[in-house]
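Coordinates in review
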Amino acid sequence: MKGQLIRNMVVGLVIVVAVAGAIWAGGSKEKASQPSSSKTAVDTSKKKEEQPVSQGKGSREERPQEGFRAPDFTLKTMDGKEVRLSDNDGKPALINFWASWCPPCKAEMPHIQEAYEQYKGKVNFHMVNLAVQDNPDEMKKYIQKEKFTFPILLDETGEVAQEYNVTGIPQTVIVNTEGEIVKVVIGAMTKDQLQELLKMVTSG
C-alpha cells in the first residue's frame, strides 16, 4: 500500500515536471523568434546607410563627400550681404576655400575668374576666404590688384572650413543643381580641369 502511494507520487511529479518543461520551452521558442527592438533598430539603421538612395534634393545625408548633399551654410560677403548655399536658384555651385597668403590658391585664381566670367549666369560661385586665418587688408589689396570680380564669402570663424573637412587649401567642391557634391578637388586646378568640371554640371 505504501509502495503504491510512493509510486503514484513519483508519477505525478514526473507529469508536473514534463508539463512545466513544455511550457518553458514554448515560451523560450516564442521569445527566440522575436528579435529585440534594439537590435532591429541597429540593423535597420545600418541598412538605411548602406542602401543606395535615389538622386534628388533632400534624398541624401549631408556630408562633405562626393555623392552626399553638401552641408548648407550662410556666410557674409565683403559688403555684409548674407549668402546661403541652398538658395541656389536651381543652379550648380562652385565652392572654393582659399587665402591670400596661399601660393597654390593664387595660381588657380585667374582660371576661376575666367570661368566666372563665362559661367556666372549658370553657376553660383562661392569663393570662401579663410578670414579667420587671413589678413583682411592684405586680402582686399590682393583682390583689387588682380581685379577679381567673383563673389567672396568670409569664413570668419572657420566653422564652414571645418564642416567641409578642409585640411589644406585650395580646396574646391562642385555641387550639382540638386545640392549634391559631385567632385572634391584638393589642390590647385588647371584651367582645363576647371572647365571640364563646370561643363559637367551645366550640361543637360
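Described in the following lines is the structure provided in the data block.

How each quantity is defined
Residues numbered from 1 in each chain as written. Predicted model: local features only at pLDDT ≥ 70, side-chain atom pairs only at ≥ 80, totals over all residues. Heavy atoms only, no water. Helix = DSSP H or I, 4+ residues; strand = E, 2+ residues; numbered from the N terminus. Buried < 20%, exposed > 50% of the residue type's maximum accessible area, 1.4 Å probe, protein only. Pairing = 2+ DSSP bridges. Axes fitted to C-alpha atoms, helices over the stretch in contact; angles between N-to-C directions. Contact = heavy atoms within 4.5 Å.

It is worth spelling out unusual backbone geometry at this point. With the exception of glycine, most residues fall at negative phi, and the peptide bonds are largely trans. Going from Ile169 to Pro170, the amide bond is cis rather than trans, its omega being 0 degrees. Mapped onto the secondary structure, Pro170 falls in the loop between α5 (159-163) and β6 (171-175). One non-glycine residue with positive phi stands out, namely Asp89, at about 55 degrees. Turning to its location among the elements, Asp89 is positioned in the loop between β2 (82-84) and β3 (93-98). For Asp89, a relative accessible area of 68% puts it in the exposed group. The phi torsion at Lys147 lies on the positive side, around 60 degrees, for a residue other than glycine.

It is worth spelling out the sheet that holds β3 at this point. The 7 strands lie next to each other as β2-β1-β5-β4-β3-β6-β7, forming an open sheet whose pairing is mixed. Edge positions in the open sheet fall to β2 and β7 (181-186), since each of these has one partner strand only. The average angle at which neighbouring strand axes cross in this sheet is 30 degrees, direction not considered. Taken together, the 6 bridges between β3 and strand β4 (residues 124-129) define a ladder with parallel strand orientation. The partner of Leu94 across the bridge, within β4, is Phe125. Of the strands in this sheet, β3, β4 and β6 touch helix α3 (residues 103-119), which is tilted by about 155 degrees from β4. Along the sheet, helix α4 (residues 136-146) makes contact with β3, β4 and β5 (152-154), crossing β3 at roughly 125 degrees.

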